[in-house]
Amino acid sequence: MLKGHRRLDDVTTNMAALGTARRLLRTCSRVKNVQRGEQRSVRCGLRTLCSGTRDHALSDNTRPQFTDPAVQDLLTRMTGLDLQKVFRPIKEELKPPTYKLMTDQQLEEAVELATQQAEKLLQMPPLLSERKPISDVLSVDKILDGMDTAKYVFTDITYNILHRERFIVVREPDGTLRKASWEERDRLVQVYFPKEGRKLTAPLIFKEGNLKMVFSQDRHEDVLDLCLVQFEPDSSDYIRVHAATYEDLDKHGKYELLRSTRHFGGMTWYLLGARRADGLIVDMLKRDLLQDAVSLVSLFHMVHPHSESAQEAASQQAAGADLLKIYADKESQKSGYIELALQAYEQLTTKKSSAE
Amino acid sequence: NVHILPIYENYHGGYVVIRLALAGHKQANRPFYRIVAAYNKRARDGKYLEQLGSYDPLPNIYNEKLVSFNFDRIKYWIGCGAHPTKPVAKLLGLAGFFPLHPMTITEAERRRAQTELIATEDVLQEGQKEAEV
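Definitions and cut-offs
Residues numbered from 1 in each chain as written. Chains lettered and ligands numbered in written order. Predicted model: local features only at pLDDT ≥ 70, side-chain atom pairs only at ≥ 80, totals over all residues. Heavy atoms only, no water. Helix = DSSP H or I, 4+ residues; strand = E, 2+ residues; numbered from the N terminus. Buried < 20%, exposed > 50% of the residue type's maximum accessible area, 1.4 Å probe, protein only. Contact = heavy atoms within 4.5 Å. Areas by Shrake-Rupley, 256 points an atom, 1.4 Å probe, with all protein chains shown as cover. Axes fitted to C-alpha atoms, helices over the stretch in contact; angles between N-to-C directions. Parallel < 35°, antiparallel > 145°, perpendicular 65-115°, else oblique. Left-handed = near helix turned anticlockwise from the far one by under 90°. Nonpolar A, V, L, I, M, F, W, Y, C, P; charged D, E, K, R; others polar. Polar contact = N/O pair within 3.5 Å; in protein donor to acceptor, adjacent residues only side chain to side chain. Pairing = 2+ DSSP bridges. Buried area = accessible area lost by both parts, 1.4 Å probe. Salt bridge = Lys/Arg side-chain N within 4 Å of Asp/Glu carboxyl O.

Caption draft 1: Inspection of the overall build of chain A at higher detail. Across its full length, chain A holds 15 helices and four strands. The buried share of chain A, taken over its 356 residues, is 44%. Long-range contacts, defined here as pairs at least 24 residues apart, represent 66% of the contacts in chain A between residues at least 6 apart. Of the roughly 19300 Å² that chain A leaves accessible, carbon and sulfur atoms contribute 55%.

Caption draft 2: Inspection of unusual backbone geometry at higher detail. Residues and elements named next belong to chain B. We note that Asn29 has phi near 60°; this positive angle belongs to a residue other than glycine. As for its position among the elements, Asn29 is in the loop between β1 (16–23) and β2 (32–39). Positive phi, normally seen in glycine, also occurs at Asn63, with a value near 60°. Examined against the element boundaries, Asn63 turns out to sit in the loop between β3 (50–55) and β4 (64–69).

Caption draft 3: Examining the packing of helix α11 (residues 278–286) of chain A against helix α12 (residues 290–303) of chain A more closely. Residue and element names in this part refer to chain A. Running from N to C, α11 and α12 cross one another at 160°; their axes reach a closest spacing of 8 Å. It follows that α11 is roughly antiparallel to α12 by the angle criterion. Here α11 and α12 pass one another in a crossing that is left-handed. Note on element contacts: α12 touches α11 through Leu290, Asp292, Ala293, Leu296 and Val297, opposite Leu280, Ile281, Met284 and Leu285. Each residue belonging to the contact of α11 with α12 can be placed in one class, and the counts come to eight nonpolar, no polar and one charged.

Caption draft 4: Representation of the side chain of Ser54(B). Residues and elements named next belong to chain B. Checked against the element boundaries, Ser54 lands in strand β3. Take Ser54: its relative accessible area is 9%, and that puts it in the buried class. Side-chain polar atoms of Ser54 contact the side chain of Ser68, separated by 2.8 Å.

Caption draft 5: Highlighting the environment of Glu184(A). Counting through the fold element by element, Glu184(A) comes out in helix α6 (residues 182–192). Sequence separation between Glu184(A) and His263(A) is 79 residues; the distance between their C-alpha atoms is 28 Å. Those residues in contact with Glu184(A) that lie beyond four places of it in its chain are Lys151(A), Val170(A), Arg178(A) and Glu64(B). Engagement of the side chain of Glu184(A) in a polar contact is seen with the backbone nitrogen of Ser181(A), the distance being 3.1 Å.

Caption draft 6: Highlighting the sheet that holds β2(B). Read from one edge to the other, the open sheet built from nine strands follows the order β1(A)-β4(A)-β3(A)-β2(A)-β4(B)-β3(B)-β2(B)-β1(B)-β5(B), with strand pairing classed as mixed. Two strands lie at the open edges of the sheet, namely β1 (137–140) of chain A together with β5 (83–84) of chain B, each paired on one side alone. Bridge analysis of β3(B) against β4(B) gives three bridges, and the strand direction is antiparallel. Paired with Ser54(B) across the strands is Ser68(B), a residue of β4(B). Across the face of the sheet, α6(A) comes into contact with β2 (151–156), β3 (168–171) and β4 (176–179) of chain A together with β3 and β4 of chain B while running at roughly 60° to β4(B).

Caption draft 7: Spotlight on the interface of chain A and chain B. Taken together, the contact pairs 26 residues of chain A with 27 residues of chain B. Roughly 2300 Å² is buried in total at the junction of chain A and chain B, and carbon and sulfur atoms are behind 58% of that figure. Viewed at the interface, chain B and chain A are joined by three salt bridges. For the side of chain A that touches chain B, the elements supplying multiple residues, two or more each, are β2, β3 and α6 of chain A. Among the elements that make up the side of chain A that touches chain B, the one with the highest residue count is β2(A) (six residues). Here the residues of the side of chain A that touches chain B are counted per class, giving 12 nonpolar, five polar and nine charged.

Written out as structure tokens, the structure is:
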């Protein structure tokens, strides 16, 4: 693991009391996760191709995966790039603001640099299926039974190996030498190779009741950032917290909270997998984002090509608002809303064109 | 204390050992060992060549004793002719890197004998109490 990329920004964490200062590891955690994300997607490419647990309709290798470039392209477009939201002020140490005098051209260049930076910050965290528990026993030595009251945990400290491939073994008091479980592994790797922001025991915010409280305060994004830092992407805790967050967002329709953040893609993928993207489409139409709604429907057709609306659309070669109409007819439960919103949008566009 | 100068290490027949060095001398009753490659005649906690790991003899809240080994560098030093001491050899045997040390087995047997002895004593005592009653 490369440790040389620590930013010099101060980081304050205050997880003892819930509902206090925002985490501001965004820069650190994003830069770090970029590298880790790349490593993992390269190494786990084979695994993701062979896993298809989300939808039982399709379980072949032909199913589009989260990492497909077409899917990623659609998801990034839907995420949007609101510079004001991405670079909104986060709590840092008090510095007087710096003012620069720029020409128009320099300003444009600065904005372009900012957009590139924002794209890097908005890179989606990896999405993996849940890891299988390790239950490998290396040796059973009955002669050692009762040698000690405590277990011995042996970790390999060699610097140049990946944390996933490290040898971490446990010698139980009854003499069995077994490989350490995933939770033990995470904890020990954090002990010997501490990662910034990660705690040895998970913060209490990830318990069910506390999650509900935080959701009522509209702080889904903070929870997801914390979760990203604390847990491995294929651990059960990570998947559980993400699922709970997305469910809550879907229930209350608060999609706007995640709109210009890196978690938007994950949320859309989850909702598509569960076939509950209606609320999202309605929200998009309310905010006049027709393009996003269309790309969402096309993504739905890519993920579920055997559904009725997908086959209809393929047969009619529809595009744009027609796709939405087909989807509204065939698939969605809130078709009334979608049709109303479509009509309203069409009225608006006709008014604008007639005004011009 | 024989104060060894660098050029004398080979001259006096000094050799490298892999042993436990006590760290954290500022705290009483809280031992913590570093697994260290050092010259034989050096002080136990003195200057070492390289740290190869750590050993915490007190169990933590999960009832684990944490031991860490840098196997890559241990292999190097053993290849250079370093001798591990008895406790280090025992730990490496428990880890599975070395074959099991005979004293580990002996200690386990002794402990089992001890526990059996205590168990039989308890049974005898209970028998006596019942007999009295």
